Structure formats: structure tokens, C-alpha cells
Amino acid sequence: MKRAFVVGFPVSHSRSPLIHNFWLNKYEIEGEYFAKAVEPDRINKFINSFEVEGFCGGNVTIPYKEIAFEQCDEVTEAARKTRAVNTLWLDGGRRLGDNTDIEGFLANLDSEAPGWGENCERAAVIGAGGASRAVIAALAKRGVPEITIVNRSVERMAHLAEEISGWGFQKIQPRRLEAGHTSFDEANLLVNTTSLGMVGQPPLEISLERLSADAIVYDIVYAPLETDLLREARGRGLRIVGGLGMLLHQAAPAFERWFGMRPEVTPDLRGLVEQDLLRPKA
Ligand code: ATR
């Protein structure tokens, strides 16, 4: 029987066990998927010897994605670009790592806003952390020509702009996030990669006024299922994409690595996770 994990600290909030165990059941695969809370002083050892505990691989969540990246013998291009690993597996004696967030971000966008890339001249990305790097790598992969990076810390934003300068964009524009009045000149796609607007976090206060009329607004936050940002965008008649689909779609390629088949993201899976998100978690 194959066993996989999601490791984090804490990890009780993770919906990954729900998703992967749903697929194991659905496809009648003999396997198990567990949440493992591992304390910071034991994480290196765990990543380097998870097979001793009977695991063939697993997911890595906050705050260990960068540590996992450093511990791998080999990583995919997605992991190298983001310097983060969310999926681990073994190949012979080697420890391999991927970052499926890029694929998850794109699969969700393709599914919720088909044809989005046809006229996407400019994307505005809010945030300059790890999630932002994954989103920008995804947009580079699809050849979006112009990127505006919007962030509170000017230093971090400038650093990211420098880092992505070789990724093939025609234009990279850093913009300071200013509460209440940051606007997004004619962007066709706006993505929030920060935790602002998440349950228990401060709101994201921006203006959608100057977005292009055919713009798509994508929030990677999935709790609440519809953030204030998405509600406002919907009210303005813009197309919206929520973060839950990204969570589901990033899980599929990881499942395939360990259990050998590509599972489907279906409405019944989405419904199950939505129900769980509506239940308060301990
Ligand atoms: P992740 O890996 O999830 O992207 P991160 O690397 O810690 O997390 O990045 C968090 C992002 O959210 C950053 O862009 C951060 O802005 P700063 O670079 O200015 O810190 C942004 N963020 C978090 N809390 C914020 C807040 N209260 N106001 C504005 N931006 C915030």
C-alpha cells in the first residue's frame, strides 16, 4: 500500500487529506494520505528520510516549501523558478521535488475563464512573496507580455522585479500598494496573491475602477469562498476566478506522482471541500 503525507506546522487546517482521500476512494486505489505536523527542528530529518516511515512522497505546506526545495536532489523547472517545493517523491535513491502551484493556477484559470490568454496584454499581480512568484512564473509560461507587480513593501517588490527580469516579459512595472486608492490601469487580469481578504486577515482595499471592461479578477484566497474582492468584481460585471479551484488543481499532478493516475477535479470533489470550508475547524 502506498502512503503519502502533507507536512506542515501547523497542518490541521490543510484540506489536502480530504482531497487525496476522496480520490483514493473514488478510484479504488489502495493507498493512504495523512497530515503530518513536524516541528521546525525535525523537518530536515523528516524530508530526508520519510521513506523510513513508509511514505513514498508527499506534499509540503507552510512554512516548509523553501526548506523542501533546498533538500531535494533534483527539482522541476517550476520548483527552480519559485525556489519552493510543494510535492516530493522518490526516484530510485533520489529525492525529487516539484511545485504544482503553477500548474494549479493555470488549470483553474483555463477552466473558469476559458480563452483568457487570447487578449491578455497586461496582468497586475498583488503581492511579492512566494505565491506571487508562482503566479508570475505561470503568466510567463503563457507568454503574457506585461506584468505590474503591486506590493506594500517597495524593497521586496523591486527585488522580485529584478528577479523576474529574465523571464521573457516585455515590460515589468512595480507599483506600490496604497490602501484605498491603488488602481490598475487597463489590466486584463488582476490576481491577488496576498492573504489580505482571507478569514481573520485585514481586507484588501483597492479600486477596480480602471480595470479593463473585459478584465478577469482572480483571488487565490479560498476562505471565504467568495472574497470581498471577488464580490466587488462580480458586481462590476467582471469575470471572477476563486482560489479553491487552484487548491484542487494543484493536488492532481501530485496525486499522479505517487499513485500513478491523473485524478479529475469534479463538482462532487469541489462540493465536498466547500462543505468542509464552511465548517469551523479546530
Ligand atoms: P506567500 O508565500 O503566501 O506569498 P509571503 O512570502 O509571506 O507569503 O508573502 C506575503 C505577501 O503578502 C507579501 O507580498 C506581503 O507584502 P509585503 O512584501 O509588503 O510584506 C503581502 N502582505 C501580507 N500582509 C499584508 C498586509 N497587511 N498589507 C499589505 N500586504 C500584505
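Computed from a predicted model, the values in this text were never measured in an experiment.

Observations regarding the side chain of threonine 193
Tracing the backbone shows threonine 193 in the loop between strand S10 (189–192) and strand S11 (216–219). The buried category is assigned to threonine 193, whose relative accessible area is 9%. From its side chain, threonine 193 meets the backbone oxygen of isoleucine 126 in a polar contact 2.6 Å long. If we skip the residues at most four places from it in the chain, threonine 193 touches Val125, Ile126, Gly127, Ala131, Ser132, Val135 and Ile220.

Examining unusual backbone geometry
In the segment running from phenylalanine 9 into proline 10, the intervening peptide bond is cis, with an omega of 0°. Mapped onto the secondary structure, proline 10 falls in the loop between strand S1 (2–8) and helix H1 (16–26). One non-glycine residue, glutamate 28, lies in positive phi territory at about 50°. Looking at the secondary structure, you find glutamate 28 in the loop between H1 and strand S2 (31–37). In this model, arginine 83 sits at a positive phi of 55°, which is unusual for a non-glycine residue. Position of arginine 83 among the secondary structure elements: in the loop between helix H4 (77–82) and strand S5 (87–91). Arginine 83 gets classed as partly exposed once you look at its relative accessible area, which sits at 35%.

Considerations on the site of the ligand
Surveying the vicinity of the ligand reveals the residues Gly127, Ala128, Gly129, Gly130, Ala131, Asn151, Arg152, Ser153, Arg156, Leu177, Thr194 and Leu196. The contact in question runs from an oxygen atom of the ligand to an N or O atom on the side chain of asparagine 151, over 2.6 Å. A distance of 2.7 Å is found between an oxygen atom of the ligand and a backbone nitrogen or oxygen belonging to serine 153. Across the complex, the protein chains shield 68% of the 640 Å² of accessible surface that the ligand would expose by itself. Partitioned by chemical class, the residues of the shell around the ligand number four nonpolar, six polar and two charged.

Overview of the pairing of strand S3 (residues 57–60)
For S1 and S3, the ladder comprises four bridges, and the chain directions are parallel. Paired with phenylalanine 5 across the two strands is glycine 58, which belongs to S3. When S3 meets S5, the two strands line up antiparallel, connected through three bridges. Looking at the pairing, asparagine 59 lines up with threonine 87 of S5.

Description of the environment of valine 85
Of note, valine 85 is situated in the loop between H4 and S5. Overall, the relative accessible area of 0% leaves valine 85 in the buried class. Contacts of valine 85, omitting those with residues within four sequence positions, involve Val60, Lys65, Ala68, Phe69, Cys72, Val75, Ala79, Gly97 and Asp98.

Topic: the sheet that holds S11
Here six strands make up an open sheet; going across it, the order is S9-S8-S7-S10-S11-S12 and the pairing parallel. Both edges of this open sheet fall to strand S9 (171–176) and strand S12 (239–241), since each of them pairs with a single strand only. Direction aside, neighbouring strands of the sheet carry axes that sit 15° apart on average. Two elements, strand S7 (residues 122–126) and S10, share four bridges in a ladder whose sense is parallel. Paired with valine 125 across the two strands is valine 191, which belongs to S10. Sheet strands touched by helix H6 (residues 130–141): S7, strand S8 (146–151) and S10. Its angle to S7, the strand with the most contacts, is close to 170°.

Considering the nonpolar core
In terms of nonpolar packing, the biggest core is built from 34 residues, with Phe105, Leu109, Trp116, Leu139, Leu189 and Tyr218 touching the most fellow members. Among all residues touching leucine 139, those that are not within four sequence positions of it are Phe105, Trp116, Ala123, Val125, Val144, Ile147, Phe169 and Leu189.

A word on the environment of leucine 190
Looking at the secondary structure, you find leucine 190 in strand S10. Through-space distance from the C-alpha of leucine 190 to that of alanine 107 is 17 Å; in sequence the pair is 83 residues apart. Apart from residues lying up to four places away in sequence, leucine 190 is in contact with Ala124, Ile126, Phe184, Ile206, Leu208, Leu211, Ile216, Val217, Tyr218 and Leu229.

Rules used in this analysis
Residues numbered from 1 in each chain as written. Predicted model: local features only at pLDDT ≥ 70, side-chain atom pairs only at ≥ 80, totals over all residues. Heavy atoms only, no water. Helix = DSSP H or I, 4+ residues; strand = E, 2+ residues; numbered from the N terminus. Buried < 20%, exposed > 50% of the residue type's maximum accessible area, 1.4 Å probe, protein only. Polar contact = N/O pair within 3.5 Å; in protein donor to acceptor, adjacent residues only side chain to side chain. Contact = heavy atoms within 4.5 Å. Near = heavy atom within 4 Å. Areas by Shrake-Rupley, 256 points an atom, 1.4 Å probe, with all protein chains shown as cover. Nonpolar A, V, L, I, M, F, W, Y, C, P; charged D, E, K, R; others polar. Pairing = 2+ DSSP bridges. Axes fitted to C-alpha atoms, helices over the stretch in contact; angles between N-to-C directions. Core = buried A, V, L, I, M, F, W, Y, C linked by side-chain atoms within 4.5 Å.

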